[in-house]
Amino acid sequence: LAIRPARILVMGSFFFAVAGFASDFLNTINKQAMNLMAQIASLAIAISSTYAVLRLGWGIQGVALATVLTSLLYSIALLGYVLLRHFATPVEGIKILWALYTPFGYCLALLLLIDLIPDGAMDQGIPSLSVVLVKVAIFALLVLPLIFRANRRASFLSELYELVAGLWRNASHR
């Protein structure tokens, strides 16, 4: 009963992380009032959207969805404000927001589609290990383009390889 709402909330944790960076920046440049106004507006949206989904009979899943959507709006508003007021033109700000949220949206869509794959034989409500491994493999394969795209910009895969190779060399010399 609580698994699906928990999964929805976990997906929304991305937005809390994004909003955290913008919030910390605003606090650092002494713009706590703007941060507080955004939090109050977010709280008002959260309360009203939670009330609305409960009135519609969506239950705890609706409350989780309303919470995630509120977090999305809060993170876009806060990050958009920081970008547009301190770093970027409107077009650049939209490009940055698009570049930030699109990979997350892609991964979310993959997870939702993979979740449609039947769980197969269940043992005490738990899907079989083979089905879980197939789902993980499909996700890993389909997310590879994102990893390679990010690597082109940051070249973190070669650094990760060097780190692992160095640890392996150190462990083998002991």
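What counts, and at which threshold
Residues numbered from 1 in each chain as written. Predicted model: local features only at pLDDT ≥ 70, side-chain atom pairs only at ≥ 80, totals over all residues. Heavy atoms only, no water. Salt bridge = Lys/Arg side-chain N within 4 Å of Asp/Glu carboxyl O. Helix = DSSP H or I, 4+ residues; strand = E, 2+ residues; numbered from the N terminus. Buried < 20%, exposed > 50% of the residue type's maximum accessible area, 1.4 Å probe, protein only. Expected span 1.5 Å × (residues − 1). Bend = angle between axes of the 7 residues up to and from the residue. Phe/Tyr/Trp six-rings, centres within 6.5 Å; stacked < 30°, edge-to-face > 60°.

Remarks on the pattern of salt bridges
One side chain can pair with another of opposite charge once the charged atoms of both are near each other.
Thinking step 1. Inspection of every chain in the model, using the stated rule, returns one salt bridge.
Thinking step 2. A salt bridge links Asp-115 to Arg-7; its shortest N-O distance comes to 3.0 Å. Pair noted here: Asp-115 is in the loop between α4 (90–114) and β1 (122–123) and Arg-7 is in helix α1 (residues 3–28), with a separation of 108 residues, a long-range link.
Thinking step 3. Accessibility expressed as a relative area gives 25% for Asp-115, which makes it partly exposed.

Structural notes on helix α5 (residues 129–154)
Thinking step 1. If you check α5, its first and last C-alpha atoms are 35 Å apart, about what 26 residues at 1.5 Å a residue would give, namely 38 Å.
Thinking step 2. Its axis deflected by about 40° at Val-143, α5 carries its strongest bend there, up to four residues before the proline Pro-145.
Thinking step 3. Looking only at α5, the buried set comprises Val-131, Lys-135, Val-143 and Asn-151.
Thinking step 4. One or two positions beyond α5, positive phi appears at Ser-155, with a value near 45°.

Thoughts on the packing of aromatic side chains
Thinking step 1. Counted under the stated rule, the structure contains six aromatic pairs.
Thinking step 2. Look at Phe-14 and Phe-15: their rings are 5.5 Å apart centre to centre, the planes differ by 75°, and that puts the pair in the edge-to-face class.
Thinking step 3. Among the residues examined, Phe-15 registers a relative accessible area of 6% and is labelled buried.
Thinking step 4. When the centroid spacing of 6.1 Å and the interplanar angle of 35° are considered together, the rings of Phe-15 and Tyr-101 count as tilted. Within this pair, whereas Phe-15 is found in helix α1, its partner Tyr-101 is found in helix α4, the two being separated by 86 residues in sequence. Of the two residues, Phe-15 and Tyr-101, both sit in the buried class.
Thinking step 5. Members of the aromatic cluster, each reached through a chain of ring pairs, are Phe-14, Phe-15, Tyr-101 and Phe-104.

Treat this as a map of the structure, not an account of what it does.
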